[in-house]
Amino acid sequence: MVSTLKEKKESGYEWIDITNPTKTELSDVASRYGLHPALVEDSLQPEHLPKFEMVGDIQFVILRLFSSKATPEADTIQEVTDKIAVFIGNEFIITIHRQSYDFLPEIKSKYVDTGKCTTPHHLLFRIISKSMATFEVPLAELVKELDYYEPKIFLQKKTPSLLKNLYYIKRRAAVMDHIFELSKVILENLKGKIGAIHSNQLKDEFLRFQTSARQAIDNVANLLNIYISLSSQRTNEVVRVLTVFSVFFMPLTFIAGVYGMNFDIMPELRWEYGYLFAMLFMVAVTAIIYFWFRRKGWM
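Asker: Would you explain the overall build of the protein chain in this entry?
Answerer: Looking only at helices and strands, the protein chain features ten helices and six strands. Taken over the C-alpha trace, the protein chain has a radius of gyration of 35 Å; the compact-globule value for 299 residues is 19 Å, which it surpasses by more than 25%. Dimensions of the protein chain, computed from the C-alpha atoms along their principal axes, are close to 120 × 40 × 30 Å. With 299 residues in all, the protein chain has 39% of them scored as buried. Put simply, 63% of the contacts in the protein chain that link residues at least 6 apart link residues at least 24 apart. A total accessible area of about 17300 Å² is found for the protein chain, and carbon and sulfur atoms account for 58% of it.

If you want it as structure tokens, here you go:
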């Protein structure tokens, strides 16, 4: 669907918004505004990464924003984010996307209709800012998820699919970090167009979001290391207990094995106090092992 959100006669440029376009619709718009066919083809590819290109006087930008359809197990760029393609000329701006976004009408009513966006690049600044803002809530949710799992790990409480959930948290944070890193190229190329103040504002937003994403990645890595260390510690504790039991019972088993041999001639076999002697000998060996362990600090 092709919509004209702002006409040229109002302030010198027009805003064309295209939602889920067909190739015919996009071809008509491309021929009317002189858009390069290769860039038009890029605007139709849902998996395309953030980029900036310029052909003649027309600039082409691909932005990625957090998808409202992203599930907790989404772990790829296409699953976590959606795409908006933008063509900017001297007297027009064209936005192309597959689904509707609430922030576009909001930009129109707050900034375009009130005359605050006087050029296509001022409008592009608002679109980039709102696109990046879609990551704010998901990043906050990642922090909450990590805050939930952290005490579970330290208190050694069993949580179903803990490692799996931590993996997906790390993957989502890594996807966001990758998007922010690639989007820096866009800011560098638009710095002279959108103005120093707006450029610095966007850079601050990018830095804040990217710092949060990288902090989430580091926190997940730390939690995984702690989880592995605690698991190893629990395993070592079990092995230590089993080792202590084996040390106690090995000499007792040896004594029982010796006196369980079926030889006709054994010195203590027909001795009246042979059984009592064997039992007291076992108790003495056990006591010696116990006090030796206590002296070494192993018990």
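What follows continues from the structure just given.
Asker: Explain the pattern of salt bridges here, please?
Answerer: Two side chains of opposite charge can pair, provided their charged atoms sit close to one another. Considering all chains together, one arrives at eleven salt bridges under this definition. When salt bridges with common partners are traced through the structure, they connect Asp177, Glu181, Lys184 and Arg214 into a single cluster.

Asker: Help me out: how do you make sense of the environment of Asn219 in this one?
Answerer: The residue Asn219 is located in helix α9 (residues 196–258) in this model. With relative accessibility at 32%, the residue Asn219 sits in the partly exposed group.

Asker: Honestly, helix α8 (residues 162–194) in this entry has me stumped. Any pointers?
Answerer: Every α-helical turn comprises 3.6 residues, leaving residues that sit three or four positions apart pointing alike. Spanning 33 residues, α8 covers 45 Å between terminal C-alpha atoms, matching the ideal 48 Å at 1.5 Å per step. The sharpest bend along α8 reaches about 30° and sits at Glu188. Remark: Gly195 follows α8 within two positions and exhibits a positive phi of approximately 95°.

Asker: Explain the sheet that holds strand β5 (residues 81–88) to me, please; I cannot follow it from the model alone.
Answerer: Strand pairing within a sheet occurs via backbone hydrogen bonds; the two strands may be parallel or antiparallel. In space, the six strands of this open sheet follow the order β1-β2-β6-β5-β4-β3, with mixed pairing throughout. Every other strand in the sheet has two partners, leaving β1 (2–6) and β3 (51–55) as the edge strands with one partner each. The mean angle between the axes of side-by-side strands here comes to 20°, regardless of whether they run parallel or antiparallel. Note that β5 and strand β6 (residues 92–97) share five bridges and pair antiparallel.

Asker: Quick question: what am I supposed to make of helix α10 (residues 274–296) here?
Answerer: With 23 residues, α10 extends 33 Å between its outermost C-alpha atoms, agreeing within 8% with the 33 Å of an ideal straight helix rising 1.5 Å per residue. Here the buried face of α10 lies against α9.

Asker: Explanation requested: the packing of helix α5 (residues 103–112) against helix α6 (residues 120–133) in the structure shown.
Answerer: Packed helix pairs are specified by the crossing angle of their axes together with the interaxial distance, meaning the distance between the axes. Taken N-terminus to C-terminus, the directions of α5 and α6 make an angle of 135°; their axes are 11 Å apart at the nearest point. Between α5 and α6, the angle is such that the two are oblique. As for the relative orientation of α5 and α6, their crossing is right-handed in sense. For the pair α5 and α6, the contacting residues are Phe103, Leu104, Glu106, Ile107, Tyr111 and Val112 in the first and Leu123, Arg126, Ile127, Lys130 and Ser131 in the second. For the contact of α5 with α6, the per-class residue count stands at seven nonpolar, one polar and three charged.

Asker: What should I look at first to understand the side chain of His121 in this one?
Answerer: Structurally, His121 is set in helix α6. Contacts of His121, omitting those with residues within four sequence positions, involve Gln59, Ile88, Leu190, Lys193 and Ile194.

Asker: Honestly, the nonpolar core in this entry has me stumped. Any pointers?
Answerer: Proteins that are soluble and globular tend to have nonpolar side chains buried together. The biggest cluster of nonpolar side chains holds 54 residues, and the ones touching the most others in it are Val61, Ile93, Leu123, Ile128, Leu166 and Phe180. Of all the secondary-structure elements, those providing two or more residues to this core are β4 (58–66), α4 (77–80), β5, α5, α6, α7 (136–154), α8 and α9. The dominant element in this core, judged by the number of residues it contributes, is α8, at twelve residues. If you look at the next biggest cluster of nonpolar residues, it comprises 18 residues, including Ile18, Val29, Ala30 and Ala85.

Asker: Teacher, can you tell me more about a nonpolar patch on the surface here?
Answerer: Among the surface-exposed residues, Tyr259, Trp271, Tyr273, Leu276, Phe277, Leu280 and Phe281 lie close enough to one another that they form a single nonpolar patch of about 710 Å² accessible area. Relative to the assigned elements, Tyr273 resides in the loop between α9 and α10.

Scoring rules and cut-offs
- Residues numbered from 1 in each chain as written.
- Predicted model: local features only at pLDDT ≥ 70, side-chain atom pairs only at ≥ 80, totals over all residues.
- Heavy atoms only, no water.
- Helix = DSSP H or I, 4+ residues; strand = E, 2+ residues; numbered from the N terminus.
- Rg over C-alpha atoms; globule rule 2.2 N^0.38 Å.
- Buried < 20%, exposed > 50% of the residue type's maximum accessible area, 1.4 Å probe, protein only.
- Contact = heavy atoms within 4.5 Å.
- Areas by Shrake-Rupley, 256 points an atom, 1.4 Å probe, with all protein chains shown as cover.
- Salt bridge = Lys/Arg side-chain N within 4 Å of Asp/Glu carboxyl O.
- Expected span 1.5 Å × (residues − 1).
- Bend = angle between axes of the 7 residues up to and from the residue.
- Pairing = 2+ DSSP bridges.
- Axes fitted to C-alpha atoms, helices over the stretch in contact; angles between N-to-C directions.
- Parallel < 35°, antiparallel > 145°, perpendicular 65-115°, else oblique.
- Left-handed = near helix turned anticlockwise from the far one by under 90°.
- Nonpolar A, V, L, I, M, F, W, Y, C, P; charged D, E, K, R; others polar.
- Core = buried A, V, L, I, M, F, W, Y, C linked by side-chain atoms within 4.5 Å.
- Patch = residues over 30% accessible without salt bridge, like charges linked within 9 Å, V, L, I, M, F, W, Y side chains within 5 Å.

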